[in-house]
Every structure is written in structure tokens, then in C-alpha cells.
There are 2 protein chains.
Amino acid sequence: MTRRPPLRVLGIDPGLTRCGVGIVDVAPDRSATLVYVGVVRSDAGARIEERLAAIASGLRALIDEHRPTVVAVERVFAQHNRQTVMGTAQASGIALLVAGERGLPAATHTPTEVKAAVTGYGSADKLQVQAMVARILRLDELPKPADAADALAIALCHAWRGGAAAAPASGTLTPAQRAWADAERLARR
Amino acid sequence: MTRRPPLRVLGIDPGLTRCGVGIVDVAPDRSATLVYVGVVRSDAGARIEERLAAIASGLRALIDEHRPTVVAVERVFAQHNRQTVMGTAQASGIALLVAGERGLPAATHTPTEVKAAVTGYGSADKLQVQAMVARILRLDELPKPADAADALAIALCHAWRGGAAAAPASGTLTPAQRAWADAERLARR
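Residues numbered from 1 in each chain as written. Chains lettered and ligands numbered in written order. Predicted model: local features only at pLDDT ≥ 70, side-chain atom pairs only at ≥ 80, totals over all residues. Heavy atoms only, no water.

**Things to note about the relation of the copies chain B and chain A**
The transformation that overlays chain B on chain A combines an axial shift of 0.0 Å with a rotation of 180 degrees, and the residual RMSD is 0.0 Å. These values place the two chain copies in the arrangement generated by a two-fold rotation axis. No C-alpha of chain B lies nearer the rotation axis than that of B:Gln90, which sits 2.3 Å from it. A shared interface surface links the copies, since 100% of the contact residues of chain B are contact residues in chain A too. (Least-squares fit on C-alpha atoms with pLDDT ≥ 70 in both. Contact = heavy atoms within 4.5 Å.)

**Brief notes about the nonpolar core**
Side chains of a nonpolar character, in soluble globular proteins, are inclined to be buried together. Counting 50 residues, the largest nonpolar core has A:Ile12 and B:Ile12 as its most contacted members. Those residues within four positions of A:Ile12 in sequence are excluded, and the remaining contacts are A:Cys19, A:Gly20, A:Val21, A:Leu59, A:Val71, A:Ala72, A:Val73, A:Glu74, A:Ala95, A:Ala151 and A:Ile154. (Core = buried A, V, L, I, M, F, W, Y, C linked by side-chain atoms within 4.5 Å. Buried < 20%, exposed > 50% of the residue type's maximum accessible area, 1.4 Å probe, protein only.)

**Some details on the UniProt feature "binding site: Mg(2+) 2" (unreviewed entry) in chain A**
Taken from the UniProt record, the annotation "binding site: Mg(2+) 2" (unreviewed entry) applies to A:Glu74. Discounting residues that sit within four places of it in the chain, A:Glu74 has contacts with A:Ile12, A:Asp13, A:Pro14, A:His109, A:Pro111, A:Val114 and A:Ile154. (UniProt positions renumbered as here; feature names shortened; annotations may be inferred.)

**Re the interface of chain B and chain A**
Facing the 26 residues of chain B at the interface are 26 residues of chain A. Taken over both partners, the interface formed by chain B and chain A buries close to 2,000 Å², and the fraction arising from carbon and sulfur atoms is 68%. At the boundary of chain B with chain A, the tally comes to 2 salt bridges. Close ionic contact of B:Glu101 with A:Arg60 constitutes a salt bridge, the shortest N to O distance being 2.9 Å. On inspection of chain B and its partner chain A, the count reaches 8 residue pairs in polar contact (both at pLDDT 80 or more). Elements that contribute at least two residues to the side of chain B that touches chain A include exactly helix H1 (48-66) and helix H2 (82-101) of chain B. In terms of residue count, H2(B) provides more of the side of chain B that touches chain A than any other element does, 12 residues in total. In the side of chain B that touches chain A, the residues fall into 16 nonpolar, 5 polar and 5 charged. (Buried area = accessible area lost by both parts, 1.4 Å probe. Salt bridge = Lys/Arg side-chain N within 4 Å of Asp/Glu carboxyl O. Polar contact = N/O pair within 3.5 Å; in protein donor to acceptor, adjacent residues only side chain to side chain. Helix = DSSP H or I, 4+ residues; strand = E, 2+ residues; numbered from the N terminus. Nonpolar A, V, L, I, M, F, W, Y, C, P; charged D, E, K, R; others polar.)

**With respect to the sheet that holds strand E5 (residues 106-109) of chain A**
Residues and elements named next belong to chain A. Here 5 strands make up an open sheet; going across it, the order is E3-E2-E1-E4-E5 and the pairing mixed. Since the sheet does not close on itself, it has two edges, and those belong to strand E3 (32-41) and E5, each with one partner. When the angles between neighbouring strand axes are averaged without regard to direction, this sheet yields 20 degrees. Here strand E2 (residues 18-26) pairs with E3 via 9 bridges, running antiparallel. Pairing of Gly 20 across the sheet is with Val 39, part of E3. (Pairing = 2+ DSSP bridges. Axes fitted to C-alpha atoms, helices over the stretch in contact; angles between N-to-C directions.)

**Some points on the UniProt feature "active site" (unreviewed entry) in chain A**
Residue and element names in this part refer to chain A. Cross-referencing UniProt, the feature "active site" (unreviewed entry) maps to Asp 13, Glu 74 and Asp 147 in the present numbering. Spanning 135 residues, the annotated positions come together in the fold, the maximum distance between their C-alpha atoms being 12.9 Å. For Asp 13, a relative accessible area of 17% corresponds to the buried category. Here Asp 13 is in contact with Arg 18, Cys 19, Gly 20, Glu 74, Asp 147, Asp 150, Ala 151 and Ile 154, once residues within four sequence places are set aside. Following the sequence through the fold, Asp 147 ends up in the loop between helix H4 (126-136) and helix H5 (149-166). Apart from the residues lying within four places of it in its own chain, the contact partners of Asp 147 are Asp 13, Arg 18 and Val 39.

Here you go:
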């Protein structure tokens, strides 16, 4: 089996006031390690152009420090709360832009995809997602801040979905993939 | 009367495939002059993060060349066409970000505000807006490309609304303001 370096994924849960950010290393056997979790904030009292610039600046600093190989952003939907959706969409645009400017590939995933990838259940609640993220990353407690756990879930979702797409059909799993599938089943009990 | 330099406004009609851009100089007597009109494009076949980076790069180049004093962006609404609204919202976020990073104040105006400011009629059609923009800027023909005329209208809207907000109530118009109001009435006939 050829050795591949771990995939380092920056997951971003976009928001104008708080952008959840989580970075994980995911090995070829799909085991994952926490690298960073936090929040990039902007001042709710500042002008919109200054808030977006603050978010871009915070995300660039994170990328320059942790050098992810790919960026995954939660997809925003127009039909959600109209009062905040535009700010969220603008923040997601900033997240994608910063990836593009750093030459990093970016992808978006829907909340349902993220929940399904992490908990096996597309309608999982916030606490279930947090608990699974803690379990997957072997953390002693729930990741904090709580809303940044979503960013870790997005990063894990991206690594696993990308891996799954590249993997052979289930009948021809490698030993490592089979071990992972078993571990996932156990973790979901 | 004190002499003030003209206000140079960069108007942006945000879009992922085409961002209309228009720059006008607006004098204290509210007369306006065309500085630049055009479109910043992104390749519809490119990845979203590359497209947003291309838009940011095009807008930065424009700002650096023409040095506007303020940026005005058309406001995007969530209830519009859901298939394109997210791309439009992300492009508008990029436009606001670029302003913020250049230290320029930015503002957003609704399509209705823009139409009302330029034609006196919030439900004016595209051709009416183009015709009024050509008239206001003393152009021999309609501004081209046609969809960039909206960006000029946004710039004019911003300059005039800002001016109107700072102006005294209509009973106490300065001679220049009265002359402008007369000219506007004539132009609308």
C-alpha cells in the first residue's frame, strides 16, 4: 500500500457575525485528528464592508498558519431566514474567495450531507453532531466553541465524501477501508 | 459657495458571470460625468473559488486605476431566482469586501431605489433606465454594454441620495439645488 500524507481540511461554517472554523487531518485510512477549532468574528456594529474584510483577514491568517490542502464550506440556501441569509451568503463568498486566492480547491456541502457523513443521519440535531465529532476526533469533551463543531463536521464530511468518491465499490474494500467501515458502524451504535 | 471636488462613485451590479461596473463623477451641483463603464467577467466553466477570485481581481484593478471615493452595490434579495441568487449574493460580498480592503466606504441600494433615483419611477424598465442614464451623462447613445448601464444608475443613485440626505428640506433649496431640481423635472418630461 502506498503511503499518502494526510489530507488537511479547513471546514468553514460561514456567518457574518461568527464564522466557525475547524481544521482536521484525515489519514488515508480515514482516521481524523483535530488540528484547530475556533471562530472568526466580525464586529456587528461595524460597516458591512469592514466586517467582510475582517472575515477575509481572519481566514487568510488561519490558512497561512495551518496550510490546509483544501477548503470545505457549508452551502447556504436562499429559502432560509431571509434576514440573515444574505450576510451568510456573502461570508461564504468570502470563504471561497480566500481559498481561490491561496490557490486551494474549495467545495461546498449541504447541512444534510454534513450530518449524514458524520452521524449517518441527515436530520441529526446539533448535539448529536457535536458528540460524533468529539468521538471521531477522540476528544475528551465536546469541541468548543459549540458552534465551531459544525465547521469540524464540514471538514470531516469533505474528507470522507472525497475519499468515498475515489474508493472502489463496497464489494472491493481494502482492509483499511473495511476496518474504517466497521469502526463507523460501531461508533453509530 | 465653497468648492468641493466631485464625488467619484463606482457602481457595481453584482453577478457571478458578469458584474456590471460604472464610474461617474458627480459635482456638488449634482451634474454627472461618465468616467468608465464596463463588465468584470468570470469564466462560467471555472471553479467557484476561481470565479470569485477573478471578480475580486477585476474590481481591485478598476479601483486602483480610477480611484473612486465610494462604492455603491445593488442590493440582492433572497426571494429572487433561487438558482442564481446565491452566486449574486457572493459576488456582492466580494464587491463590498474589495471596497473595505481599499478603505473605501460602501453602500447598497435596492433596484427600486436605483430606478426611482434615475427615472423618478421605481418600476421603470431596463430601457427607460438606460435612456435616462444616457441623458444624465450626456451620451450620444445608450451606454454599452447594456447591462452595465445598471451599474451607472447605481452610482448616480448613490451620489444623489447621499446628496439629498445631506441637503436641506425642499423649502430651503440652494440656487444650485433648485436649478438641478428644475433640470431633473425637464429631463423626465
